[in-house]
Structures are given as structure tokens and as C-alpha cells.
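Each chain, letter by letter, is given below.
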Amino acid sequence: MNENELLDIIKREIERYIREKGVIQKQNIKEKITLLGESSILQEELEKRFEISDQSEKVVILSLEIDELFSISNATYINPKTEAIIKSLLKNKNIYLVEEGISWREYSCNNKKIADKYISYENELKDMGIKIVKKMEILDHLDNTKRKRYFNKKVLTLKDVKEIERDTTDEIVISNKVFITDSAQEYLKSSALKIKKG
């Protein structure tokens, strides 16, 4: 075996090692998410599956106090957490609020006026694009699979789009015959919700 043959063998072995190492490193890369709020059990579970980072496209709000709910529903911030949420909204990030982390829900509120007021704040958050999801379903929402909704009416209105978006759908599948109103089209331009004809 001459020197050139030996160098070729070494070169091939190094290339193979680099390829294999690259595959292993890619498998160990976790998707990044941002966590806001407190929930030790859920936080531990998410840390096993995701890399926690301030620089991610997905934000999970683990807990939200009443004053924070009010503040965000009015597009203002009162503390670093609400500031991060508002700025994430402005950057069109995917934001998930854990339903069980909404503090007013801990109380058995018999006063319908108060409950309706807090529900209206939650609806404002939904209208802004924040998805309210149950703790047990958060991992399903954070995976990269798209959730589709098949729309079978003749006209797709702004009301329909907002209702579908509240259901934490990522994509609406419509037939080529469906008419989309101008207001719905305008809203969809700034929404994370996508339309697929087919």
C-alpha cells in the first residue's frame, strides 16, 4: 500500500465519521420554545422534549393572572411577562396559553357578570391569535404537524375564519368553488392561518 492509497482510506474514514456524527447531532437537536409563567410539572415535561429559549417561534404561557389577562386583552403590558407576550404577538409568533393556568378559573365564580367579563378578555386574546389549550393537549399543539379544518360552505366569511382560528386550526382546506369575502381575505393576510384549495 502506497502513501496515496493510505491517504485515500484515511480521507474516506474521516468523511464517513463526519457524516455519521452529523446525523447523530441532527437527531439530538430539540425544537426551541419559549416558556412564560409558572407550572413546575408541565415545565419539567416540556423541558424534556424542547429546548427552552427566548429566541423561538413558539411561546407557551403556563400561567396568567387576572391583571395580566386584562392587560394583554387591551394590548398593553404591565410586567416583563406581558411585555414578552405583546411583543410575540407583534412578531406573529405562535402563542399557546394553558387553560388551567388562567388564574380566575381556579375560583368557583357564581357571579355571571364577572365570569362573562373574564371570558370576554379570553376571547380578545383568541382574536389576537393566542390559542388557549388544555394542559393535556399542549404537546399535541407544539408538534410540527398541521391541524387542518375542512370547510364545506359556499362562502367563507370573516366570522368563519375567526371561529376556525379559535379552534387552533393551522390550515383551512376549501374547494375551488368556495367564495372568500374581502374582509376574510384581508384578515388572512396577517393571520397564521393558511388557506389550501383542493
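What counts, and at which threshold
Residues numbered from 1 in each chain as written. Predicted model: local features only at pLDDT ≥ 70, side-chain atom pairs only at ≥ 80, totals over all residues. Heavy atoms only, no water. Pairing = 2+ DSSP bridges. Helix = DSSP H or I, 4+ residues; strand = E, 2+ residues; numbered from the N terminus. Contact = heavy atoms within 4.5 Å. Axes fitted to C-alpha atoms, helices over the stretch in contact; angles between N-to-C directions. Buried < 20%, exposed > 50% of the residue type's maximum accessible area, 1.4 Å probe, protein only. Polar contact = N/O pair within 3.5 Å; in protein donor to acceptor, adjacent residues only side chain to side chain. Salt bridge = Lys/Arg side-chain N within 4 Å of Asp/Glu carboxyl O.

Draft legend 1. Region of interest: the sheet that holds strand β3 (residues 58-61). With respect to topology, five strands assemble into an open sheet ordered β2-β1-β3-β4-β5, the strand pairing being parallel. Where the open sheet ends on each side, the last strands, each with one partner, are β2 (51-52) and β5 (130-133). Bridge analysis of strand β1 (residues 32-36) against β3 gives three bridges, and the strand direction is parallel. Directly across from leucine 35, in β3, lies its bridge partner valine 60. Against the sheet, helix α2 (residues 40-49) engages β1, β2, β3 and β4 (94-98), with an angle of about 170° to β1. Against the sheet, helix α5 (residues 112-128) touches β4 and β5, its axis set at about 125° to β5.

Draft legend 2. Just helix α3 (residues 66-73), in detail. Within the span of α3, buried status applies to Glu68, Leu69, Ser71, Ile72 and Ser73. Buried residues in α3 make contact with α4 (80-90), α5 and β5. Where α3 ends, the next residue or the one after it, alanine 75, has phi of about 60°, a positive value.

Draft legend 3. Looking closely at the side chain of serine 56. Its place among the elements puts serine 56 in the loop between β2 and β3. Note on serine 56: relative accessible area 5%, which makes it buried. Of the polar contacts made by the side chain of serine 56, one reaches the side chain of threonine 34; its length is 2.8 Å. Setting aside anything within four residues of it in sequence, one finds serine 56 in contact with Lys32, Ile33, Thr34 and Lys93.

Draft legend 4. How the structure looks around the pattern of salt bridges. Enumeration according to the criterion identifies 10 salt bridges in this entry. For the salt bridge of glutamate 122 with arginine 105, the shortest nitrogen-to-oxygen distance reads 2.5 Å. You can see glutamate 122 sitting in helix α5 and its partner arginine 105 sitting in the loop between β4 and α5, a full 17 residues away along the chain. For arginine 105, a relative accessible area of 35% puts it in the partly exposed group. Of the charged contacts in the structure, one is a salt bridge between lysine 189 and glutamate 186, with a shortest N-O distance of 3.5 Å. Of this pair, lysine 189 and glutamate 186 both sit in helix α8 (residues 182-189), three residues apart, which is roughly one turn of the helix. Given a relative accessible area of 67%, lysine 189 falls into the exposed group. When salt bridges that share partners are traced, they join Glu99, Arg105, Glu122 and Lys134 into one network.

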